[in-house]
Each structure stands twice: as structure tokens, then as C-alpha cells.
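A closer look at the structure
The lines below spell out each chain.
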Amino acid sequence: MTHYKKMWHLLNLINHIYMLHFLLLPIGAGGWSPLISDAYQRLEVDLGERTKITAVATQGRYGSSDWLTSYLLMFSDTGHNWKQYRQEDSLGSFPGNSNADSVVQHKLQQPAVARFLRLVPLDWNPSGRIGLRVETYGCPYTSDVVSFGSDGTSSLVFRPSPGLEQKSKEVVSLEFKTMKNSGMLLHAEGQHGFSLSLELDRGKLLLLLRQGRPRRLASLGSLLDDQHWHHVALEQQHSHLNLSVDKHMEKIQIPVRHKHNKKNFHGCLENLLYHDLNLIELSKHRDPQTSLQGNVSFFCPEPTSVAVTFPEPQSFLQLPWSTSISSGTLSIGFQFRTWNKAGLLTTFDLPQQKGVVWLYLSEAKICFQIHEAGRKLLEINAGSALNDGQWHSVDFISRHGHLTVSVDKDKGGVAHATSGLPVNVANHIFFGGCPGEGQKQECRNPFEGFQGCMRLITLDNQLVNLITVQQRLLGNYSQLQIDMCGITDRCSPSHCEHGGVCTQSWTAFQCNCSDSGYNGATCHSSVFESSCEAYKHNGNTSGYFYIDVDGSGPIKPQLVFCNMTEENTWLVIQHNNSELTRVRSSPGVNQQAVHFEYPAEEEQLLAVIRQSEHCQQELSYRCRKSRLLNTQEGSPFSWWLGGPSPGRVQTYWGGAHPGSQQCACGLQGNCVDLQHYCNCDADRSEWTEDSGLVTHKGNLPVRSLVLGDVQRPGSEAAYRVGPLRCRGDKNFWNAAFFDKETSYLHFPTFHGELSADISFLFKTTASSGVFLENLGIRDFIRIELSSSTQVVFSFDVGNGPREVSVYSSVPLNDNRWHQVRAKRNVKEASLQLDGLPVVRQQAPADGHFHLQLNSQLFIGGTASRQKGFRGCIRSLQLNGATLDLEERAKITPGVRPGCPGHCSSYGSLCHHQGRCVEKDNGFHCDCSQSAYSGVFCHTEVSAIFKPETSISYIFKEPFEFSRNSSTSPPSISSNMPPKGEDISLSFRTTQSPALLLLVSSVHRQYLTLLINMLEVRYKLDSSQEAEVLRSGGRSLADGQLHSLHIRRLTDSVSVQVKKSTSSLIGTALYLAGLGSLGYSGCLSVVRFNSVSPLKAALLHPNNSPVVISGPLVQSSCGSAASANPYAAENTHRLSGESWKEAEVSWILLNYTLTL
């Protein structure tokens, strides 16, 4: 190691900016080069005074093959207790040179203030040696310092004089450093008993509001007890406060004004400023506004403890140590801090007993073990949760066979044991781990290596001088960082979003996303859909759903009801009173105010309204001698408030236009008194009503009602404000069609520095093309279809280009919708295509992670206008924000708004012969030809029949009877009958026998379906007897749900029965008075060829050729959910049973189907 101090000169540049140039050293041809090139070399420079360093530049050694390719940069105020500089939170090393002559300069993102500078070579030219010329850039740094003693009462108090000018913005700033992890740094007292405090707690800085019991407003920083300077700033403007710690800031809202008072802090402060007042300087000059209490001095004493970092599992420290058997006493002490739950702390052999002692961490507890000849003789444990990153002390004492292990001076736990084995050391003791394979083995470690920091190591109460270890004058070590603690808090600030809980080890952090509603490595992506429309197109039916309107954005998910029973999907948000409510007057109160509370938060409500295509809310007022709005010229008696909280006054009523001071009847011109614009304004003694829908989204939701004319004698009124109902999702169907490879849309730069999630749908017939691209100076992000079966997500955040690819087993250029989800955060990048497994790629643990882009965002193309995408892109969302492709496409040549053709992708959602119908934005299922109803034609249409209930469907002509069948329709005048039937239905009954279905003409009954076992009776020729097909086995009148499907084509009949075991034989059966049997039970989803008679009777009785006799009650009795819960234990499903063929011939003229 070569160590140089004060080998530099200072050149004055413009505006007090300085360049510090380290002189070429008299070694070789110019520059620094140690005699031995290994990992233990370093160059240290004493700048003579504390300096604000803003940049560092390096060169190789002149005229040689010696240069560094990477290095660490460290700073110190004292030449001890070094701190590694990191460009980003995890980026520790600096790239060096690629030759001996070029200069590589690095501007420091945050200037470093230090007197001493250290460069530690990591890698160098493999064909040469370590070689270095270095320059730093910066300017002098001056400060006023004050130190507070450890008595707990030392403080500097500042009381502004009464004449001090009050400013709209108050600012307090300071730097502090300390080795204590707790203590009050600043205390600010305000009016009415309020106060604010800045307190260190376990190395974090807390902002507390006090009025009685303290309440935490913010927590910033971590590991602030590292004896390095940390910057703190408080800025207050009105009720807003910005708290900054180092480079992190948090915005807080506070209720008090305050003055400032500092106390109870052990450590040093510098540059303590209140506005432009230097409070330390005022204290030095004994300004009357300041006072000092306790042990306060105007210099900063530096502690002399030296820490050592074990950065790798292979790190170890070996120290010589031997103890005397005759003394019978041995003691070991040290302090450590780590994030890991496990790791070897120290070990030594017991050579005389052929034993070994291990002191290690396991499950964040201290464990002590003695082994002899491979057998565990003793084990004791102490402490808990010791992987919290705080300093913990460990003391082990062996005195004449009595063993004691204490943690944190007994505060963290103590354990005792007695050993019959004398504990003594003959040669060495190891800390952190053992030497690797191939080295002389004097150390055995069955545990993980320790990763963390240690300090104040004592052996038999003698402090180990770690500086002599660093100088290779004592002991041995490998992969250690001596005279510094390199611990970093990867959870401060936390990269876990949306309330995810951050935990960490020495090398990585993890996010627990449980119960947050988000997933992913950083809890960035919502697990919920953004709208009811999206849930619908996943095949869901009506119900309560959580929706997240902005996806990965800051708005929380909310629970809403999605009504999917209509063609339009309605999102419904209730409030605290949506019932018709009578207005009750109170003596002396002229107006009644009613407020409505919604379960959703304000930003959730407004986002739902903004995202929906249409929203509405019913506003109804029933009245008798209670006027509503008076006249257009007069002041209204009543009004309501709507829109963003707390709402704006509205003087129109539901069904009218905003600002009209009218009701719906005034707009339509049909009020009960045409001289008024509301029915209630007629002031009649009969009950009347004004009601309608508020549809102007800017005035929704309705927040309050103020009702004025309710105090007169005889006045009566009732009001109703319905729930907020919204339909349509402007984002879900927002699409653009790119008809040329050179066409594209451009948007402002995408800002996804730490987290980026991109999702969209595409469909195309092209085999390749770029969906999205955004460039920076070196960074970029791109998603493309690289082939007909591959999607690639590529990016560069400074660690070199990376790609994540997903392959599809089916072509992607099939003109069907495919969904892409690409995500990138500080831990990983991932890509998912449709429902295929997610492909992930881990980010480097100590690499760059800020994505820095500056160009426009290109959609459907690239900046070079090459490899553009040809096809449709829909519902493009970046970090939860939807890009309005349609609006931008309207003004962009080569791109068209919208994209039809949704049935090719979503048509399969239409069930049971439902037909997919295209819409401009989406599709809907036409269920007119289906026996089912509902948005996807999957809702059973069922009814309860009484014995006297029947439904008759009258076929107007033979053509109707066989429409949509597989046979050609006969002529009306033809004597040839239709060639078959296709009948399906479900039933549940306990009646036996019972008549399910009867088909007849004016001349005869030709098809009868009976429940006894199961009987299908055909009489297709009046000159012949009826042909009966009968099932064997048990009765189907068992109260369970059975589904029946009968198909006949000419002389071939097939029957399928679900949930029953049956067989049929041909026989002759004569039943008299079939119609008198009737049917009592449930019938569901009845279909006869193209006709659904039960659906027609229940849903369209007025415009269908049906005749209903007796009571008919619609029910859900035909759904599987309402079936006998024990049925599954006793039944099984059969299909394709063998049925006897019936040879028939017949003639049909006019027909009636009777249920």
C-alpha cells in the first residue's frame, strides 16, 4: 500500500470553483502505481481542510499500460471512519479508464464534503498494473459547529425577539452527526399547546406533532447514527411543511405555527440556520436571543472507534490470541450491526479438548455452542430480533467453567451455563467466517458467513487495534473494509409501493404485498381491474368487485357493485341514504340540509366519473304544498350541491339542464301548471313529484340537499337521491389503427424512473413491428413484436441493453386481440403475453436503476420511422395512466381512431346460441335466439309451475317450427312434415307422473314428454298407435335438477340426460287424459328448435305468441347453485345413451307447443 497526504495543489477557477489536482508521483513515468497490484491497495489524500467536492476525474499512468477500470470512492473528515460514496442508492463503484491517456470524469450527484479522499482500486487493466492520475473539482467549505454533551440536558435555545420580521415562509436547516441512535434534535413550540419535534429514534429521524400524546407525521432517513454529517431542512409555508433529510424529502401538512428550540441531542451540529440567521454564530457572540444549557462546546470531538465491514460471505478476520489455562478466565466483547438473520460472529478451537466454540446468529438470536469431537456439549441462546441494522453489543465471559453470554449489556438478554470443559484459546480467533478452501484450515464454520459491521472488538478486555490489522501488522483478513461501516438501508427510502412492507438482508430487499391489493416485486401493479367493463370482458357476472381506476397509480382500489344484467355494464356506488325519505320540519328551522356520504374517497369518486362514458344520479322530490325552485327569475326555495367536494350550488333539478332553474317537466313543457317549470312549484295540495336524472358529470356526485319550503302549515315533502351509476369505460376501448409501417403517434416523455408498467392490447396481421419506444441519451425502453410468435421487451438503465422475451405457441398475427404486460422496477423486469407464464429477469444488485428518458414517446413506430407497427393498439396504459390514442389519432396522418372487429376475440363469451354483435366501442351478445338471458346469454330463465299452470306457444306457420334447424324448411302448402326436432330443457320435480311438454296440431297430439321414469311419446301418424320410448332405472321425480336434450332427424332419435342413469326400450303405451296430469315443479331454459317459449312467456309476454294459464312465477330454481346439495353424492353424468329407433311418417299443418 502506498499512502500519500497533501500531494496536491489548488487552482482557482471562475466563480470560486476549484480544481484539486494530485501531482504526478515520482514512480515510473508519472502517476501513482503501488509496488504490488492487489485488492488491498488504496490512495489517500489529505486536502488540508474540509472541501465541497463536486466531481472526480481519473487517468491512467502516463506512457504505460497501467490504469484502473473501476474503483470505489470514499470520504472522511478525520482520516478515519470512512464513508463510501454512492452515485445512486445502490451503485457503489465508479467506471474507470479504458486506456492510459483519456480522462474519465464523474460529476457527483450530491456533492461530498470532506477533508480526506480515498480511492480503492477494484479492477485494472489485466495487461498492466494499478496506475492512476486523479483530479477533483470543488470549492472551500466553511461551517460553524456546536457540540452537545452526553448529559441529556445540553441544548441551544433560540427565542426570536418580538421585533423579528415574520415571513410567509419559515426555513430551518442544519447538519448533524452523532453516534447515538436516539435523542431530540429539534423542538418547536407553537400556540395552544402544540409543538413539533424532530427526534432520532433507532437511527431514523421522526417528525412528531405533540398536543398531549405525540403523533408521528413523518419518518425519514436511516442509519443516521454513523458519525457522518447529515443535512436536515424544514420549510414551512402556511400549513405545509417540507422535511428533507440528505437527498430525500417528504411533504407534510401541519396545523400549527411554531418557534424553534433544540435540546437533548448528543452529537454535533453545524450551519444551524433559521432563515438567514446563523444561530451557532449568534450563540458564540452571546446574542440575547440565544442561550446555552448544559455541556455545549463550539468544536466537534471525534470518537476514535474503528469499525470493520464484512461485505461478503467469504469475509473473515483472523486475530492472534492465546489464554492461560491456569487463569481460568476468558472474555470476548464486540459490537455488530447487520440485516441478516444468520451468520458466524466468532469461533476458536479448544485444542486440548479437540473441541470448537462457535458464537453465531441464528434466527436473529445469539447462539453459543461448544462441540467436542463432533459432539455438541453445550448450547445457550440470548437476545432476539438482532437483524434490525442497529448496533448491538455482545459479551462472552468464561470464568472457571461458568459461562455468560449477554446482549446489549444485559438489556437485550443474558444466558448462563456451566461447562465441565475448560475454555481456553491456544493460537487464533476468527471473526465473521473462515478462510476459504486451499488455505491452512485452523477454522471450521458449518454456518453462513457474517455480513455486517463490527467495532470495539476486545479480547480479555484489551481493545484490538484494527488499524494495525489494516496495515498488515497484526493478524490476517480477507475481503474486509476496515475503518468504515458499509451498511446500507435498502428500505430507506422504501421501494415498496402502495403500503407494501419492506424487509431486507445485507444484499437485497423484499416487499410483502399481502392485503395491499397490489403485486409484483415492489407491489407496483394492481391485482384488480380498472372498471366493471373490464371485469365483464373477463367473463364475470354481476356482483361486488374491487376496481382500481388508475392501476398502479396512487388511487386506492374501491369496492363497487357491477350490474351486468343489461347490455350496458353499470358501476354503482351507494351512499348513506338512497331511500325515499320524508322531510320532517323542526321548529325555528327554515331550511333542512341533508348531506350524503359515499364510501369511496374523493379521488376515487372523481376518477370513476372522469373515466366513465356516462354517469347519472336520480334526484326526486315528492311534494304537497312544498315548492321547489320557484321561478326562473326568483330565488330558489331549494337547491343541491354537486361535483368535487364540498360541491357547487346547483339550482336545477334532475332531468333539466345545468343552470336552467327548471325541472324535467319544464324542459318537456308538461308541468301540471304551465306557468311554472316544476310540478312542485304549482303549490298544490295534492301529492305531485319532480324527478329525473342528473347526467352532467361535472356536477356529480350529489353531495347535499337544502330544502326550504317545508315549514308552512300543510307542507309535506319527501326526497330521494339515488346511487351514483356510471357506465362505459373510455379507457378500455380507446384504440388506434396504424395502417402504415411509417405511421406513429407521439406523446410526452414517459416518466418511469424507478417503476414502469406498460399494458396494452394489440391485433395485427403483420409479423413484426415496434409497439412503443422512448429514448434517452443512453437509456431507452422498447416493446416490439419481433416475429409472429415472439414479443420482446428491451431497455437500458445504464447497465447495458437487456431483453425479456415471451414466445407464443400460436401465431400472434391472427387479427385477434392479444394482451401485453411489461414491468420494470429496481428489482426485476418482467413480460407477460396473454395468459402465458410471466418471464422475469433480475436486476443487478448494485447497478444503475434510474430510467432516464428525454425524447418523445413513440407509439406504433420509432424515432427512425423504421420497423413500425401495422395494426390496432388498444387500452394503452403507462403506470396506470391511459394514453388517449383516439384523440391523437384524429390529428395524425396514417393513423385512424378506433378499431372494430372485437367479436373475433370476445365472441366466445356469448353462450348458448347467443350471437356476438359488433359496436363502435366493444360488442354485445344478442340472446334473442337463445333460451338464456343476461349479458352473455348464460342466465337461466326458470319458472315455478303449479298443477294448473301451462304455457302454450302458437306456431304461426310450419316455417317457424323448423327455423334454424339443420333441415330445409317445408313449403306452407306442402304435405311433407318437418324432418326433426331439437329440444332441450331442465326440470326439477317430485311429481310422478307429470306432463313436461306437449306438441300438437289441430288434428292430433304428435309429441308428448312425460315424467314417470322418462317417457317420450311420438304419434306422427294418426293411423298408427303412439310409439313410446321409456327409460329404465330410478325415477327422475327426485327433486333434483335434470337436463334433457332430445334430437330427432327423420327416423333417428337421441336423448341425453344429465344427472341421471337411464336406458330406453321401445314399447306401446296408452295414456288417457294426458293434459289432466299437469306439472308441479321447476322448468328452465326450454328450447324447441329456434323457439324459447318459456323465455318468451316470462320476458316478452306482450309481443310473443304465447298463452299463459294459471300462476307463473319466475325463479332461479333452474340454476345449479339451487340444486339439491346432496345430489352430487348420489348421481353421475351420462351422455350418449342408446335409444331405439322409431320409424314414423306424418303430416303437420298448424302446431301448438304446450308446457
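As the structure is a computational prediction, the values presented were derived from the model and not from experiment. (Residues numbered from 1 in each chain as written. Predicted model: local features only at pLDDT ≥ 70, side-chain atom pairs only at ≥ 80, totals over all residues. Heavy atoms only, no water.)

Description of the overall build of the protein chain
Looking only at helices and strands, one finds 10 helices and 84 strands in the protein chain. Burial status across the protein chain gives 53% buried among its 1155 residues. Counting every atom, the protein chain has about 51200 Å² of accessible surface; 49% of that belongs to carbon and sulfur. (Helix = DSSP H or I, 4+ residues; strand = E, 2+ residues; numbered from the N terminus. Buried < 20%, exposed > 50% of the residue type's maximum accessible area, 1.4 Å probe, protein only. Areas by Shrake-Rupley, 256 points an atom, 1.4 Å probe, with all protein chains shown as cover.)

Digging into the pattern of salt bridges
A full pass over the atoms with the stated rule returns 31 salt bridges. With a shortest N-O distance of 3.7 Å, Asp77 and Lys177 are connected by a salt bridge. Taken together, the residues span a long stretch of sequence, with Asp77 in the loop between strand 4 (68-76) and strand 5 (83-84) and Lys177 in strand 11 (residues 169-177) at a distance of 100 residues. The salt bridge involving Asp395 is made with Lys409; its shortest N-O contact spans 3.2 Å. Taken as a pair, Asp395 in strand 31 (residues 392-399) and Lys409 in the loop between strand 32 (402-407) and strand 33 (413-418) lie far apart in primary sequence, 14 residues in all. For Lys409, a relative accessible area of 57% puts it in the exposed group. (Salt bridge = Lys/Arg side-chain N within 4 Å of Asp/Glu carboxyl O.)

A look at the sheet that holds strand 30 (residues 375-382)
Ordered in space as 30-29-28-27-34-25-37, the 7 strands form an open sheet in which the pairing is antiparallel. The two strands at the open ends of the sheet, each matched to only one other strand, are strand 30 and strand 37 (476-478). Pairwise comparison of adjacent strand axes, ignoring direction, gives a mean angle of 15° for this sheet. As defined by bridge partners, strand 28 (residues 355-362) adjoins strand 29 (residues 365-372) across 8 bridges and the pair is classed as antiparallel. Looking at strand 29, one finds that Tyr360 is bridged to Cys367. (Pairing = 2+ DSSP bridges. Axes fitted to C-alpha atoms, helices over the stretch in contact; angles between N-to-C directions.)

Some remarks on the environment of Thr468
When you line up the elements, Thr468 lands in helix 2 (residues 466-470). When its relative accessible area of 21% is taken as the criterion, Thr468 is described as partly exposed. Residues within four places of Thr468 in sequence aside, it is in contact with Leu473 and Leu474. (Contact = heavy atoms within 4.5 Å.)

Overview of helix 4 (residues 602-611)
Within the sequence span of helix 4, burial applies to Gln604, Leu605, Ala607, Val608, Ile609 and Gln611. Buried positions along helix 4 lie against strand 43 (543-547), strand 44 (558-563), strand 45 (570-573), strand 48 (614-624), strand 52 (702-707) and strand 54 (724-727).

What about unusual backbone geometry?
Residues Ser645 and Pro646 are joined by a peptide bond in cis, for which omega reads 5°. With an omega of 0°, the peptide bond between Leu700 and Pro701 qualifies as cis. Its identity is not glycine, yet Asp834 carries a phi of approximately 50°, on the positive side. Within the secondary structure layout, Asp834 lies in the loop between strand 63 (828-833) and strand 64 (839-842). By relative accessible area, which is 29% here, Asp834 ends up partly exposed.

What about the environment of Asn799?
Checked against the element boundaries, Asn799 lands in the loop between strand 60 (790-796) and strand 61 (802-807). Taking C-alpha positions, Asn799 is 10.0 Å from Asp846, a pair spaced 47 residues apart along the chain. Look past the residues within four positions of Asn799 in its chain and what remains in contact with it is Pro844, Gly847 and His848.

Focus on the packing of aromatic side chains
For the structure on display, the rule yields 33 aromatic pairs. Ring geometry for Trp733 against Tyr906: centres 5.9 Å apart, planes inclined by 80°, an arrangement best described as edge-to-face. Separated by 173 residues along the polypeptide, Trp733 in the loop between strand 54 and strand 55 (735-738) and Tyr906 in helix 7 (residues 903-906) bring together distant segments of the chain. For Trp733, a relative accessible area of 4% puts it in the buried group. Here Phe762 and Phe771 contribute two aromatic rings whose centre-to-centre distance is 4.7 Å and whose plane-to-plane angle is 45°, an arrangement assigned as tilted. (Phe/Tyr/Trp six-rings, centres within 6.5 Å; stacked < 30°, edge-to-face > 60°.)

Some details on the sheet that holds strand 56 (residues 745-747)
Taken in spatial order, the 6 strands make up an open sheet running 56-65-58-59-60-61, and their pairing is antiparallel. Only two strands of the sheet have a single partner each, and these edge strands are strand 56 and strand 61. Ignoring strand direction, the axes of neighbouring strands in this sheet form an average angle of 15°. Note that strand 60 and strand 61 share 6 bridges and pair antiparallel.

A look at a nonpolar patch on the surface
Nonpolar side chains collect at one region of the surface, where Tyr544, Tyr546 and Leu559 lie side by side and expose about 350 Å² of accessible area between them. Along the chain, Tyr546 turns up in strand 43. (Patch = residues over 30% accessible without salt bridge, like charges linked within 9 Å, V, L, I, M, F, W, Y side chains within 5 Å.)

What to know about the state of the cysteines
Covalent bonding between the sulfur atoms of two cysteines defines a disulfide. Under the defined criterion, the tally for this structure stands at 16 disulfides. Between the sulfur of Cys434 and that of Cys443 lies a disulfide, 1.7 Å long from S to S. Across the S-S bond of Cys434 and Cys443 the torsion is about -55°, and the bridge reads as left-handed. This pair shows no difference in class: Cys434 is buried, exactly as Cys443 is. There is a disulfide in this structure between Cys491 and Cys502, and the S-S distance comes to 1.9 Å. An S-S torsion of about -75° defines the bridge between Cys491 and Cys502 as left-handed. In this pair, Cys491 sits in the loop between strand 38 (481-482) and strand 39 (501-504) while Cys502 sits in strand 39, placing the two residues 11 residues apart along the sequence. Using a relative accessible area of 18% as the deciding quantity, one classes Cys502 as buried. (Disulfide = S-S within 2.5 Å.)

Quick notes on the side chain of Thr51
Structurally, Thr51 is set in strand 3 (residues 43-59). Here Glu49 takes part through its backbone oxygen, which lies 3.0 Å from a polar atom of the side chain of Thr51. (Polar contact = N/O pair within 3.5 Å; in protein donor to acceptor, adjacent residues only side chain to side chain.)

Details of the side chain of Ser526
Note on placement: Ser526 falls in strand 42 (residues 525-526). Here Ser526 falls in the buried class, since its relative accessible area comes to 18%. Polar side-chain contacts of Ser526 include one of 3.1 Å to the backbone nitrogen of Phe528. Reaching out from Ser526, the side chain makes a polar contact with the side chain of Asp548 at a distance of 2.9 Å. In contact with Ser526, not counting residues within four places along its chain, are Gly517, Tyr518, Asp548 and Gly551.

Some details on the pairing of strand 64
In the case of a regular strand, side chains alternate between the two sheet surfaces. The pairing of strand 63 with strand 64 spans 4 bridges and is classified as antiparallel. Residue pairing for strand 64: Ser830 is matched across the bridge by Arg840. Where strand 63 folds back onto strand 64 in an antiparallel hairpin, the turn is made up of 5 residues, including Asp834, whose phi is positive at roughly 50°.

Considerations on the environment of Gly655
With respect to the secondary-structure elements, Gly655 resides in the loop between strand 50 (648-650) and helix 5 (664-668). Taking the C-alpha atoms as reference points, Gly655 and Glu618, 37 residues apart in sequence, are found 8.7 Å from one another. When near neighbours in sequence (up to four residues on either side) are disregarded, Gly655 contacts Ala664, Leu667, Gly692 and Leu693.

Re the confidence of the model for the protein chain
Atomic detail in the predicted coordinates should be set aside for any region of low pLDDT. Within the protein chain, residue pLDDT values average 83, and 87% of them lie at 70 or more. In this model, residues 1060-1075 is a region of pLDDT below 50 whose contacts with residues beyond four sequence positions or in other chains number 43 contacts. (pLDDT = per-residue confidence, 0-100.)

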